[in-house]
Amino acid sequence: MADFPSFLEETLEAWRDVRMGTIDELRNIATHRYAFRPHPRARSVAELAQHILEVAMMMTGELTRPDTDFHRAPWDRLLRMHAKRVRSARTKRDVLNLMRSQITDAERRFRRVGELELYQWILRFDGRRGTKLQWLHHGIAHEMYHRGQLALYARIMGTEPALTKRIRAG
């Protein structure tokens, strides 16, 4: 069991664990299946990966600002403000590389602002007050939700999910 010097470090370790699992699920899906979508109105594998990245980049960008404001612009514009690079990640390799570099960049940025900054109050998307730290936890849960979708997509395509393979292998 690791000892963490702060809640921030423990939280960042939890996010990295989720991200490595997301990367494992994306690696597990064959490149030619990245256009798969289980329903015409559902995101494809590639679009789901891009969405995870967009939200992570927007969340990191806003939460590491001294003037966090999730209401400074409409949702789609906030994503564009913080996640311009995502749309250029078109191949599986591009997506996986961006997944890795984004989490490293996020950790660096959160460490730079420090834990005390994450206890500051913000106005959430729903108009309620909360701390930056709780919104960071919300973002991690968001990624885990979509990681579960990727595992389900794999099952639908006849592929055993990466986490299931890891658990089965012991």
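The paragraphs below set out a description of the structure included in this document. (Residues numbered from 1 in each chain as written. Predicted model: local features only at pLDDT ≥ 70, side-chain atom pairs only at ≥ 80, totals over all residues. Heavy atoms only, no water.)

## Looking at the nonpolar core
Counting 24 residues, the largest nonpolar core has Leu26, Ile29, Val45, Met99, Leu150 and Tyr153 as its most contacted members. Sorting the residues of this core by element identifies helix H1 (7-28), helix H2 (45-63), helix H4 (92-113) and helix H6 (132-156) as the ones contributing at least two each. The dominant element in this core, judged by the number of residues it contributes, is H2, at 7 residues. Beyond its immediate chain neighbours, meaning those up to four positions away, leucine 26 contacts Tyr34, Val45, Ala49, Lys92, Val95, Leu96, Met99 and Leu150. Counting residues in each nonpolar core, the second largest holds 22 residues, with Phe70, Leu78, Leu79 and Ile140 among its members. (Core = buried A, V, L, I, M, F, W, Y, C linked by side-chain atoms within 4.5 Å. Buried < 20%, exposed > 50% of the residue type's maximum accessible area, 1.4 Å probe, protein only. Helix = DSSP H or I, 4+ residues; strand = E, 2+ residues; numbered from the N terminus. Contact = heavy atoms within 4.5 Å.)

## Description of the side chain of threonine 68
Note on placement: threonine 68 falls in the loop between H2 and helix H3 (75-82). On the basis of relative accessibility, which here comes to 14%, the residue threonine 68 falls in the buried class. Polar side-chain contacts of threonine 68 include one of 3.1 Å to the side chain of lysine 132. Those residues in contact with threonine 68 that sit more than four places away from it in its chain are Glu62, Leu63, Ile122 and Lys132. (Polar contact = N/O pair within 3.5 Å; in protein donor to acceptor, adjacent residues only side chain to side chain.)

## Looking at a nonpolar patch on the surface
On the surface, Phe7, Leu116 and Tyr119 cluster together to form a nonpolar patch covering roughly 350 Å² of accessible area. Within the fold, tyrosine 119 resides in the loop between helix H5 (115-118) and strand E1 (121-123). Look at tyrosine 119 and you get partly exposed, because its relative accessible area is 34%. (Patch = residues over 30% accessible without salt bridge, like charges linked within 9 Å, V, L, I, M, F, W, Y side chains within 5 Å. Areas by Shrake-Rupley, 256 points an atom, 1.4 Å probe, with all protein chains shown as cover. Salt bridge = Lys/Arg side-chain N within 4 Å of Asp/Glu carboxyl O.)

## Structural notes on the pattern of salt bridges
Oppositely charged side chains can form a pair if their charged atoms are brought close together. Under the defined criterion, the tally for this structure stands at 16 salt bridges. Among the salt bridges present, the one from arginine 111 reaches glutamate 9, with a minimum N-O distance of 2.8 Å. Residue arginine 111 is located in helix H4, and its partner glutamate 9 is located in helix H1; the two are separated by 102 residues in the primary sequence. Its relative accessible area of 41% is what places arginine 111 among the partly exposed residues. Put simply, aspartate 76 and arginine 80 hold a salt bridge, and the shortest N to O gap is 3.4 Å. Taken as a pair, aspartate 76 and arginine 80 lie in helix H3 at a separation of 4 residues, close to a single helical turn. When salt bridges with common partners are traced through the structure, they connect Glu62, Arg65, Asp67 and Arg72 into a single cluster.

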